[in-house]
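# Per-entry structural report
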Amino acid sequence: PMPDGIAMDFSAGYQALTLAAAWIGWIGAGPLAWLVLRLFGARPPLAGLVRLACGASLVLVWTFPLAFLMRSPGASAGLTLLREFLFALVFAIGARPLLEQGMRRGAWVLVALILLPVWSIGMQFLPEWKNLSRLSMKNPSTGLVAPLRGSVPEGTFRVARWTLHGKSEEGLSQERLALGERQAVVRVGPGVTVVDVHADRPTEDSSGLPVVPSEAAASLAAAVPDGTPNERLHNLHTLVRSRIRYERTYFPGDVGQILERGSGDCKAYAQVFAEGAAAMGFQTRVVRGMLARPDGFWAHAWASVRVDGHWNDWDPTSPIPMPDARYLRFSPPKQASSVFEGEMAIFTLDSLRIEPLR
C-alpha cells in the first residue's frame, strides 16, 4: 500500500493530458514497430501497422472514463498496466497477418509485449517533461533535496528563517507552506520564497492526512502503560524506536509488515507511530516536509498528534521527539495538476538556506 501523504487527487485536465500523451504514443507505436521489425529481417507494410496501431488504441475509449473513477495511486497504476497489456496484445494479434512468413514469432512477441508498453508509458511522461528536467535531487536513495547556501549550525533552535530558491510557486505554493502561527510565509518573489518557522507556537491544523489504526498498531498501543497524554505519547515514541531499526531505503508495507521486518525509513517510523497514537485514541496525521542538518536538507516524514485541543508534532525517527525550527512542513495539495505538486515538488528547488533567529 502507498504510504499516507503520497496519494493525490489529480485534476481532470491533467488526467486528460496524460491519456492524450498515451494515445499519441500508441499511434506512434506503428512506425516504431516497423523500424524494429525491419532490424529483425521482416518487411511488414508501414501503412498497415499504422492503421493497426490506430485501431488497437481504441482500447483507450473504454478506459478513458475509468481513469477518472480510479483516483487512488494503486488503482491508477493497475489501470495503466492493464491498458498497456491489452494494447500490446491486440496489436500483436492483429499484426501477425502483416508479417512475412520468415519472421520469427519470438522476436515479434518481444517487440509487442515489451517494447511497445515501455514506449507508451514513456510517452505518458511528456506532461512532466519540464519538471523532470528541473529535478535537483542529488541522491534518490538518500533523500537529499538541495545543496546548502551557507551552513546549518549544530544543535536545535526555536525560530528560524527558511529561504527556498527555485520555482517553488509551481509546487510548494504559499498555501502549502503556511501553517498557522508555526509557519508564516513572509515573502514571495520571483524564484524565492521566505518562511519563518516558530517551533514554540502551536500548530493550528495538521496539514496532513489522517490514519486508520491497524490490528498491529492496536497491539503495539496495548503495550503502552497508562499515564497522562504526553506520558503515553513519550512511551509510545520510545517503544516504536525500540521496535524499528533505521534503514534509509524505503520498503513499502503496512504497520504489521514494518514491525515484522524491524526496519524502515522515516515514513515507516511516522506511519507506525501515527497508527499507534490513533489506536490509543488520539487524532493523528502523517505529515511531510524537510529537515535541515549540517550535512544538507533532507526529505522527511513525521507525525502530528492532537493533544488538549492543539496539534503537536512528533518525530519518532529522532531521539528528540519534538521537532524544532529545523523542520519545515508542507501540506498536500487539495487537487494536483502534476505529480510535482505533491512530495516531488521539493526536488525541483534549486537551493535552500536556513538562518536561526533564536
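Structure first, text after, so check above.
All values derive from a computational prediction rather than experimental measurement. (Residues numbered from 1 in each chain as written. Predicted model: local features only at pLDDT ≥ 70, side-chain atom pairs only at ≥ 80, totals over all residues. Heavy atoms only, no water.)

### Points about the overall build of the chain
- Across its full length, the chain carries 12 helices and 11 strands.
- By the burial criterion, 49% of the 358 residues in the chain qualify as buried.
- Contacts in the chain between residues far apart in sequence, at least 24 positions, make up 72% of those at least 6 positions apart.
- For the chain, the accessible area works out to roughly 16,800 Å², and carbon and sulfur atoms hold 60% of it. (Helix = DSSP H or I, 4+ residues; strand = E, 2+ residues; numbered from the N terminus. Buried < 20%, exposed > 50% of the residue type's maximum accessible area, 1.4 Å probe, protein only. Contact = heavy atoms within 4.5 Å. Areas by Shrake-Rupley, 256 points an atom, 1.4 Å probe, with all protein chains shown as cover.)

### Some details on the packing of aromatic side chains
- All chains considered together, the criterion is met by 6 aromatic pairs.
- Centroid distance Tyr-246 to Tyr-269: 6.2 Å. Interplanar angle 40°. Geometry classified as tilted. Of this pair, Tyr-246 sits in strand E5 (residues 245-246) while Tyr-269 sits in helix H12 (residues 266-279), and the two are 23 residues apart along the sequence.
- For Tyr-246, a relative accessible area of 40% corresponds to the partly exposed category.
- Accessibility expressed as a relative area gives 3% for Tyr-269, which makes it buried.
- Aromatic rings pair up to connect Trp-26, Phe-87 and Phe-91 into one cluster. (Phe/Tyr/Trp six-rings, centres within 6.5 Å; stacked < 30°, edge-to-face > 60°.)

### What to know about helix H2 (residues 29-39)
- For H2, the full list of buried residues reads Ala-29, Gly-30, Leu-32, Ala-33, Val-36 and Leu-37. Axial view of H2: buried residues confined to an arc of 160°, hence all on one face. Away from the buried face of H2 by more than 90 degrees, exposed residues Leu-35 and Leu-39 are located.
- Just beyond H2, the residue with positive phi is Gly-41, at close to 100°. (Arc of directions from axis to C-beta.)

### As for the packing of H2 against helix H3 (residues 46-56)
- H3 packs onto H2 with a crossing angle of 135° between their chain directions and a minimal axis gap of 8 Å. When the interaxial angle is binned, H2 and H3 end up oblique. In this structure, the crossing between H2 and H3 has a hand that is right-handed. Where H2 abuts H3, its residues Gly-30, Pro-31, Ala-33, Trp-34 and Leu-37 lie against Leu-46, Leu-49, Val-50 and Ala-53.
- Among the residues forming the contact of H2 with H3, the class breakdown is 8 nonpolar, 1 polar and no charged. (Axes fitted to C-alpha atoms, helices over the stretch in contact; angles between N-to-C directions. Parallel < 35°, antiparallel > 145°, perpendicular 65-115°, else oblique. Left-handed = near helix turned anticlockwise from the far one by under 90°. Nonpolar A, V, L, I, M, F, W, Y, C, P; charged D, E, K, R; others polar.)

### As for a nonpolar patch on the surface
- On the surface, Phe-125, Trp-129, Leu-132, Leu-135 and Met-344 cluster together into a nonpolar patch covering about 480 Å² of accessible area.
- Its place among the elements puts Leu-135 in the loop between helix H7 (129-133) and strand E1 (159-165).
- For Leu-135, a relative accessible area of 37% puts it in the partly exposed group. (Patch = residues over 30% accessible without salt bridge, like charges linked within 9 Å, V, L, I, M, F, W, Y side chains within 5 Å. Salt bridge = Lys/Arg side-chain N within 4 Å of Asp/Glu carboxyl O.)

### Details of helix H10 (residues 229-243)
- Under the 1.5 Å per step criterion, the end-to-end length of H10 is 21 Å for 15 residues, consistent within 8% with the ideal 21 Å.
- Taken together, the buried positions of H10 are occupied by Arg-232, Leu-233, Leu-236, His-237 and Val-240. Along the long axis of H10, the arc covered by the buried residues comes to 145°, so they all point the same way. Exposed and oriented more than 90 degrees from the buried face of H10 are Thr-238 and Ser-242.
- Where H10 is buried, its residues meet helix H9 (215-222), H12, strand E8 (296-307) and strand E9 (310-314). (Expected span 1.5 Å × (residues − 1).)

### Quick look at the pattern of salt bridges
- Going through the model one piece at a time under the given rule, you end up with 6 salt bridges.
- Of the charged contacts, one joins Asp-313 and Arg-182 as a salt bridge, the two residues approaching to 3.8 Å between their closest N and O atoms. Here the residue Asp-313 occupies a position in strand E9, and Arg-182 occupies one in the loop between helix H8 (174-177) and strand E2 (183-189), the gap between them amounting to 131 residues. Both residues of the pair, Asp-313 and Arg-182, count as buried.
- Each of Arg-182, Asp-313 and Arg-329 takes part in salt bridges that share partners, so that together they form one network.

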